[in-house]
Amino acid sequence: MDAAGLHYKELNARLRNAVAAGAQRIELVNVHGQRYIGTDLDSTVDIHIHGTPGNDLGAFMDGPRITVHAHAQDGCGNTMNQGEIVIHGHAGDILGLSARGGRIFVRDSVGYRTGIHMKQYQDARPVVVVGGTAQDFLGEYMAGGVLVLLGLTLGAGETHRSRFIGTGMHGGVIYLRGSVEDHQLGKEVGVAKMGAEDTALLSELVGQYVAYFGGDADAILSGPFTKLVPLYLRPYGNLYAPTHRGAQGVVRRIGRG
Amino acid sequence: MIVTSHNGHTKSYLKPRFRVDIVDERCIRCGCCVEQCSFDSMYFDTQYQRIGSTDENCVACHRCVVFCPTQAITIHQMSIEYKHNDHWRPDVIEDITRQSETGGVLITGMGSDKPWTCYWDKLCLNASQVTNPSIDPLREPMELRTFLGRKPDRLEIDPRTMEMKTTMGPQVRIETPIMFSAMSYGAVSLNVHEALARAASLAGTLYNTGEGGLHPKLFKYGPHTIVQVASGRFGVHPAYLDVGRIVEIKIGQGAKPGIGGHLPGEKVSATVATTRMIPQGTDALSPAPQHDIYSIEDLSQLIHALKEATNYTKPISVKIAAVHNSAAIASGIARAGADMIAIDGIRGSTGAAPKSIRDNVGIPIEMALASVDARLRAEGIRNQVSLVVAGGFRTSADVVKAIALGADAVYIGTAALISIGCTVCQACYTGRCAWGITTTDDKLTKRQNPEIAAERMANLLHSWSHEIKEMLGAMGINSIESLRGNRLHLRGVGLTRAEADILGVRLAGE
């Protein structure tokens, strides 16, 4: 499908029709910044994008697999429910915002607020794997899911420069290959020990990353990895003083009749 | 932080607010009040075989008063005499005391109880007299039906077929210009959510899910549902967007403009967790900013993402709090592609908000509505959006005045809850609502039967709708459309000239 000169509305309408007609694989060529590609698709169709997709790629998406053979822009996988997005390049800000499921793999680096407000529920556990590094506010308000930063684009001795990592985080887990200083972490986040489950999960995700983008899985997995988890399930549990006496530690007297 | 004395005991300096009086001769010791009180104020004193009360726990919800079979209970404001002071009022002293004991942010429920000027009470409606007759709605048809959604700049009709050539955007029909405000499941009980949904379908109008998602049990009320998308994106998934009739992006709320929502972990029960799609017991945090929206252009992007996600079948609404520059903001929202703008005033209600925000941030809805409507008209884009206003609507007359000031419809929240027993005791955030309204506790939730509650709410809409028809008839108008923005039917009493100018109304006698 040639996207040259097509408005996103038209492009998405054609995608919808193609999927309704039973298309299994769609090659989109000459994509020039059209937004919302893949939104409102709920099948497992395989979409290959040649060119640069616009913002909100795969927003609210529910099933398709999108491969971008270039860079992606902001809002990739916004509130995504299910499916997979594979980006052969960099991605912009708020990647995976509020995603509840599905997987996003980015070969290179990502912008600000990656994985913000990502959440998980029952079997739905969103996963974001980034080959390079990220800007500030990584995993902000994260409520669930898995964020992996492999740091492959960092030079020797260079460390992740993201600050305010996991600010307000109250669920999920972040794995960083390499280390970060304490001052880079949000005050709700702590470093946890890696266990066998973590190693198994990373091994699977790195395996998939390498399958998409190439590289040496063993070398990547040799780490070292830093695991970040929320310190509190309820970071703001003690913020409030109620305005009614009855609400604040109810006074009990004598048994009920 | 709790202030602890040297021996480890804490002593609160807070006084009870209410006194529960039990007339002993009337009391039959049935224990009903003890059972009904969810704030642990009432107890059975086994030693003296009588009912007693822990007054400091009472919130004046009146559940015990209503349910006492012998009317043995009365509740009074606790009369504690401070030296009179108009500045250091008792409520101010109490707030300072409370904060010095806990170190926390004062949190409260419902709308602001501060004496804001209520402009509805300073506006009088017109009535027909000799030259143009009034209309009797008992005999004449009276049109309250309203269509929400973007209207085209002009209509093209094919002169041969008389068919409309203009393609209209999605329109939503409501039979009365009153809808139920956003109240999330989690803030209110599932039975109340169901009651709102049922009442909306009984009355031919819409209710709003709030930002808490939609329980699958209520999907069948989809045609009467406005589904909200807020910063936390709780429960937002493709099926949710598909089932709603309108999708509303929540930017702000009158009770807490500029700040987010926070459903405490205590209220995140198993079913709330299912609906919001988050683990049980975690705090549901939805911060004020949506992190994909930092500008009108970003808002436009989310509006169009939702239009794409719903294949252009539903109007997209944007809800904001009434603030200083509402008119300019609304103009931006209309230009960003929204089909509907909801504005919530400073008297708007909430399940939980910091008291400092609720009582001090935002502006009255009357002023915001008048200025938004005037601005959109001046810019020639009023037709591009439907205007829905909210924030403390108490009577059908408030609704009529809002429509005359330019609203297409209003949202009611507190009034709907009052119809099912709410006494505005302002303890919603505790989750212990004795009326089973603002709770997720299974036992308390059962106090609201969804069918009975729906009927009470639908009755309220029915009576208000009839009163609106009577008022329209009195003005000699037979369609709500003809009243919209028709400020000549309003006159101000006790307004300054500047206030009258902002409202766009003349003073009585002019």
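Reading the values: rules and limits
- Residues numbered from 1 in each chain as written.
- Chains lettered and ligands numbered in written order.
- Predicted model: local features only at pLDDT ≥ 70, side-chain atom pairs only at ≥ 80, totals over all residues.
- Heavy atoms only, no water.
- Core = buried A, V, L, I, M, F, W, Y, C linked by side-chain atoms within 4.5 Å.
- Buried < 20%, exposed > 50% of the residue type's maximum accessible area, 1.4 Å probe, protein only.
- Helix = DSSP H or I, 4+ residues; strand = E, 2+ residues; numbered from the N terminus.
- Lys, Arg positive; Asp, Glu negative; His and termini not counted.
- Salt bridge = Lys/Arg side-chain N within 4 Å of Asp/Glu carboxyl O.
- Contact = heavy atoms within 4.5 Å.
- Buried area = accessible area lost by both parts, 1.4 Å probe.
- Polar contact = N/O pair within 3.5 Å; in protein donor to acceptor, adjacent residues only side chain to side chain.
- Nonpolar A, V, L, I, M, F, W, Y, C, P; charged D, E, K, R; others polar.
- Pairing = 2+ DSSP bridges.
- Patch = residues over 30% accessible without salt bridge, like charges linked within 9 Å, V, L, I, M, F, W, Y side chains within 5 Å.
- Areas by Shrake-Rupley, 256 points an atom, 1.4 Å probe, with all protein chains shown as cover.
- Phe/Tyr/Trp six-rings, centres within 6.5 Å; stacked < 30°, edge-to-face > 60°.

Draft legend 1. A look at the nonpolar core. Grouped together as the largest cluster of nonpolar side chains are 133 residues, with contacts concentrated most on Phe-180, Ile-343 and Ile-412 of chain B. In terms of residue count, the dominant contributor to this core is helix H14 (residues 450-474) of chain B (10 residues).

Draft legend 2. Representation of the side chain of Arg-276 of chain B within the structure. Take Arg-276 of chain B: it is sitting in helix H6 (residues 270-276). Buried within the structure, Arg-276 of chain B lacks any salt-bridge partner; its nearest side chain of opposite charge belongs to Glu-211 of chain B, at an N-O separation of 5.9 Å. Non-local contacts of Arg-276 of chain B, meaning those with residues more than four positions away in its chain, are made with Arg-100 of chain A together with Ser-184, Tyr-185, Gly-186, Ala-187, Glu-211, Gly-212, Phe-234, Gly-235, Leu-263 and Ala-284 of chain B.

Draft legend 3. Spatial organisation of the interface of chain A and chain B. Chain A puts 51 residues into the contact, and the matching count from chain B is 69 residues. Interface area, chain A with chain B, both sides summed: about 5400 Å², of which 55% is carbon and sulfur. Where chain A meets chain B, there are two salt bridges. Glu-297 of chain B serves as the salt-bridge partner of Arg-35 of chain A, at 2.9 Å between the closest nitrogen and oxygen. Inspection of the chain A/chain B interface yields 15 residue pairs in polar contact (both at pLDDT 80 or more). At four residues, the largest contribution of residues to the side of chain A that touches chain B is made by helix H1 (residues 8-20) of chain A. Here the residues of the side of chain A that touches chain B are counted per class, giving 18 nonpolar, 18 polar and 15 charged. Two strands pair when backbone bridges link them, and strand E11 (residues 240-242) of chain A and strand E5 (residues 105-108) of chain B are joined in this way by three bridges, in the parallel orientation. By the bridge assignment, Pro-242 of chain A is partnered in E5 of chain B with Ile-107 of chain B.

Draft legend 4. Quick peek at a nonpolar patch on the surface. Residues and elements named next belong to chain B. Residues Leu-155, Ile-157, Met-162, Met-164 and Met-168 make up a contiguous nonpolar surface patch of about 480 Å² in total accessible area. Inspection of the secondary structure assignment puts Ile-157 in the loop between strand E7 (146-148) and strand E8 (172-174). On the accessibility criterion, Ile-157 (42% relative accessible area) is partly exposed.

Draft legend 5. Inspection of the pairing of strand E2 (residues 46-52) of chain A at higher detail. All names here are of chain A. Sheet topology note: the strand E1 (residues 25-32)/E2 ladder contains six bridges and is parallel. Counted as the bridge partner of Ile-26 is Ile-47 from E2. Bridge count for E2 against strand E3 (residues 62-68) is four bridges, and the pairing is parallel. Looking at the pairing, Ile-49 lines up with Val-68 of E3.

Draft legend 6. Region of interest: the packing of aromatic side chains. All names here are of chain A. Per the stated rule, a full pass over the model turns up seven aromatic pairs over all chains. Judged by centre distance (5.1 Å) and plane angle (15 degrees), the ring pair of Phe-137 and Phe-164 falls under stacked. Of this pair, Phe-137 sits in the loop between strand E6 (127-130) and strand E7 (143-149) while Phe-164 sits in the loop between E7 and strand E8 (171-177), and the two are 27 residues apart along the sequence. By relative accessible area, Phe-164 is classed as partly exposed at 40%.

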